[in-house]
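What follows is each chain in one-letter form.
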Amino acid sequence: MRVSFYIKLFLAFIVFAILLLGFSSFAFNNFYEFHNQKKDKENIVNILNYQENSFKSYVRFFDEKLFLLNQKNFLQIEDKEKSLELFKKILFNNENILEFKVISLDAQEIIKVTKDLGNIKIVPEEKLQNIYSNSYYKNIRTLKEEEIWHDNSNLEKPTIINFILREKNYFLILKVDFSSFFTDIYKNFDKKTLVISDNNIVVNSDDKNFDSFKKDDISLTNQFISKKIYLNENKYFIFITNIEEEVNNNYLQEYYKSIIIIGLGLSIILSLLFSKPIAKLNKIIEDENKDLDLSIKKNFIELNENQKVIDKHIMFIRMSKNNIILEASSAFCYFLGFSKGELIGHDYKMLIHKDTKKMEYIKLWKFVKKGKSYVGEIKGIKKDGESFWVDLFVEPNFDNLKQIVGYTIITYDTTYKKKIEELYKNMNNQVEQYNAIFENVNSGIALIDLEGNFKKINSTFSKFLKYNNEELLGMKCIDIVPENSKKLLSKILKEAREIETISNIEKIFVKKYGTLIHLELSLSLLSDKKHFVFVVNSLEDKRKLQELNQNLELRINQEVEKSIQKDKIHQQEQIKNAKLTSIGSLAAGIAHEINTPLTYIKGNLELMGYDILDLPQSEIQERMKHDSEKIKEGINRIANIVESMREMSQSSKEIKEETNIYATLITSLTMAYNRSRQVSKIYLNGKLFDMDSINKNEYIYLCKVQKQRMEQVWIIVINNALDELIKIDNYEDRILNINIFEDNNEIIIKFKDTAGGINKEIISDIFEPFISSKLHSGMGVGLNIAKKIVDEQDGKIRAYNEDSGAVFEIRLQKCEEE
C-alpha cells in the first residue's frame, strides 16, 4: 500500500521537530554547564587572590614585629625580667609565635625565648646551642643588613615559618606557627582551600594527588584551580581549590520534561497546519511536471521535425577550429553536387573559388576569430567546376570556458542575383553607349511620339535648326516645316505608322529665325509602336556633288557611273544601318523579355528537382530526373543564345578597350550557330564548338580593340566560309578550323576551311570592294569592310590557300603587361 505524501510530510515534520528539540536541549545544557563552570572558576580565582593577599599581610605583620623589637635595643637591657616583659609585650602577645632567638654571625645562640604551654621563658646560657648545622643557616649568611628571610624548611611541621632579620652583628629569628591561619582559610570560605608545601598537605583531605599543580604559579584544570605563594625564591605554598558541580539535577529534569512536552505539542500542531497545504501544493507541482514532461516530449518531436526540414532546405556547414568540415546539411550537399561523405573531414577551402580576393578572405577569418559574427558574401566552386555566389553568416561556437571550438556557416544562394546585377550593369553600359552615339553622330536625331511631339533631341538636330533643346521639346515636328508642307508631313507620319520605316526624303525645314534649310528626312517606328526615330541629314555635300556631276557628266561618264553606284550602295547601307538599329533595339528588348520568364523557369525547375529527389526510388523518378536534366540543358542553351543576342545588339563603342579576343569569337560563333550546325562542323582550338559547353574565359588573349567591330569581322569571315562549305555535297567533308594563339607579342587568329580555296584570279584583290566569287548573292563589300575594321585596330589581315582550303589570318597587337 502506497503511503500518501501528506502522511510522509507529517511524519517528516515530527521527526524534524524531535531532532531540533533534542539538539536545542543539548545545546542549552552545555551552555548552562559552561556558564556555571566559568562563574565558579572566576569566583575561585578571586578567593585565591584574596587568600594570597591575606597570607602576605599576615607575613608582613610578623616582619614588622621583628623590626619593632630591634628598635627597642633589647640587647642592652641587663635585667632579664624587663627583657622578658618587652618580649611578651611586643612578640608573644600573638599566640602563634612559638620562639624568638638571637644568633651571632658564627651561628651561636645569644638569646633564646621559648613558649611552652603558654609559659614564656628565657633559656639559660648553658643550654644555648650552635645552629650552624641547620638547613636555613646556609641561606641567611648571605643576607644583607636589615634584610628579612622566610623559611619553612621544617619537614615535620611545614606550617612553622622562621622569620630571620639580619643586623650588623647578629640575626633575629622568630618562629611562627601558621596552622591556625591555614585552618581559617579552609573553613571560612565557600570554597575549601588546601595548602601544600613540598607535597605535604597542611589541612587534611581525602584527595592526595596534587603533583600536577606545582608547574606554574597558577594552574586551572577541569577539577582544581591552584596558585603558588612564595616565601622566598625557593620556598612557597600552593593554594588549591576544588571546582564543584552545583547543578540542580532535579530542576533540570523537570525543565527538560516541560520543554519536550511543549515542543512535541507544538510540533504536532505545526505539522498539522503546514502538511496539508504543502501536500496540496505538491499535488499541483506534480500535475504541472506531468504537463511539462508532455510538452517537452512534444517539443522534442517538433524539434526533430524542424531539424529535418532545416537539413533539407537550409544550406549550412559546421566546422572545427582548424576549418575541417564536421557536418553539412543535405541542401548544401545537393547544391554543391557533393555527398556528405565527400565533404566531412575535408578542409572547407576546397569550396572557395580561386578568384576570391585574399584580403577579403583574411578579413573574414580575422573577424570571426575574435569571437564575433560575420555577414558577407563569397564566391565558391561546385564539384562540377561551376562557380557560384552565396551570402554567408559565420557564427563562432564556444565551449563552457568561452573558448572558440569551431564555426557554423549558414549560406544563401545569390548566383542568379549576381548574374542579374551583371546584366543590369551591361544594360546600363549599353544605354550609356547609345547616349554617347546619340549625342555624337553627324545626323540630327530626335525621338517623337505618334502625334509628332518631340521627346528627346541630340545636339546636332538643334544645331541644324538653331533652336535649343528646351524650345524644341515644347514643339511638334510639323512646327518646323513651312505651312504648305505640314499636311504632307502629317501624311508621311501616318504612312510611317503602317510601313514602320521611311528613308531619305528631302524636306524643307524652317530654322528658328525663319530661314529655310534643305535636309534629308528618315523615319523609323520603334518596337513599342509609340515612338518614331526622327533623323535628318545635311544635303549640302550632296547638292555640291550633284552640281559637280552635272558639270562633268559628259567627260567622266565612267567615274560618274561608279560614283552613282557607290552612292546607291551608301544609301542601301544607310537603310541597312537603320534596320540594324531597329533590330538591335528589338533584340535587346527580346533578350530582356526572354530573360525574365527564363529565370522563373530555372528557379521552378530547381525546386522541381528537389521534389523529384523526395519521391520514392522508382523508374518514374529516374525518367523525371533524366527529363529535368534535358530541360536544364535546353534552358542553358536558350540563356547562351539570349546572352549573345544581347551582346551583338549593343552599339559599337568608338573607343578601343582591353578585350578578350577569344570571348568575341565565342559570341560570334553563338550568333552563327543556328546556321553553322546545319552547314559544317566548326573546331575552335581543336575542340568541336558546342553551345552546351561555352566558357568565354577558357583562353585569355587580350588586345586593345573595339569589341563589336571585331565581332563583325568574325561574322563576315565565318559566313563567307559557310557560303563556300555548303557547296560541298558530303557533310563530313565540311570543316572550319579556327585557331587563336600568341606569337611575338601578336595575337594570331586563323580561319581555315576545306572548301577548295580562293580563285587565283581574285585572291590578290579579295579585299577590294565589289570583288566576290558568289554567283547569286553578295555585293563583294564584306571582306572590304572587314579589312577596314582590322586596319582601324592597328592589325593585319591576309588571305591565302593552304592544303585544300582557304585561310584568313588576322594579326592583332597584344596588350602590354603593366
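Structure: see above.
First things first, this report covers the structure right here in the doc. (Residues numbered from 1 in each chain as written. Predicted model: local features only at pLDDT ≥ 70, side-chain atom pairs only at ≥ 80, totals over all residues. Heavy atoms only, no water.)

### Considering the sheet that holds strand S23 (residues 681-684)
Stage number 1. Taken together, 6 strands build an open sheet; the order of strands is S24-S23-S26-S27-S29-S28 and the sheet is mixed. This sheet does not close on itself; its edge strands, each paired only once, are strand S24 (687-688) and strand S28 (796-802).
Stage number 2. Sheet analysis places strand S27 (residues 746-753) next to strand S29 (residues 805-813), joined by 7 bridges and oriented antiparallel. Looking at S29, one finds that isoleucine 749 is bridged to isoleucine 810. (Pairing = 2+ DSSP bridges. Helix = DSSP H or I, 4+ residues; strand = E, 2+ residues; numbered from the N terminus.)

### Details of the pairing of strand S16 (residues 404-413)
Put simply, side chains in a regular strand alternate between the two faces of the sheet.
Stage number 1. Judged from the 6 bridges that link them, strand S12 (residues 315-320) and S16 form a sheet pairing that is antiparallel. Bridge assignment links serine 320 to a residue of S16, and that residue is glycine 406.
Stage number 2. Counting the residues between successive antiparallel strands, the hairpin from strand S15 (residues 387-398) to S16 contains 5 residues, one of them, lysine 402, with a positive phi of roughly 65°.

### Comments concerning unusual backbone geometry
Stage number 1. The backbone of asparagine 323 sits at a positive phi, close to 70°, despite the residue not being glycine.
Stage number 2. Its place among the elements puts asparagine 323 in the loop between S12 and strand S13 (325-328).
Stage number 3. With a relative accessible area of 11%, asparagine 323 lands in the buried category.
Stage number 4. For asparagine 745, which is not glycine, the phi dihedral falls at a positive 60°.
Stage number 5. Within the secondary structure, asparagine 745 sits in the loop between strand S26 (735-743) and S27. (Buried < 20%, exposed > 50% of the residue type's maximum accessible area, 1.4 Å probe, protein only.)

### With respect to a negative patch on the surface
Stage number 1. A cluster of like negative charges, contributed by Glu286, Asp287, Glu288, Asp291 and Asp293, occupies part of the molecular surface.
Stage number 2. Within the secondary structure, aspartate 291 is located in helix H5 (residues 249-313). (Patch = residues over 30% accessible without salt bridge, like charges linked within 9 Å, V, L, I, M, F, W, Y side chains within 5 Å. Areas by Shrake-Rupley, 256 points an atom, 1.4 Å probe, with all protein chains shown as cover. Salt bridge = Lys/Arg side-chain N within 4 Å of Asp/Glu carboxyl O. Lys, Arg positive; Asp, Glu negative; His and termini not counted. Charge placed at Lys NZ, Arg CZ, Asp CG, Glu CD.)

### Things to note about the pairing of strand S11 (residues 236-242)
Stage number 1. Across the 7 residues that make up S11, a large majority, 6, are buried.
Stage number 2. Bridge count for strand S7 (residues 193-197) against S11 is 4 bridges, and the pairing is antiparallel. What sits directly across from valine 195, in S11, is phenylalanine 239.
Stage number 3. With 7 bridges connecting them, strand S10 (residues 224-230) and S11 associate as antiparallel partners. Counted as the bridge partner of phenylalanine 224 is asparagine 242 from S11.
Stage number 4. In sequence, S10 turns back onto S11 through a hairpin of 5 residues.

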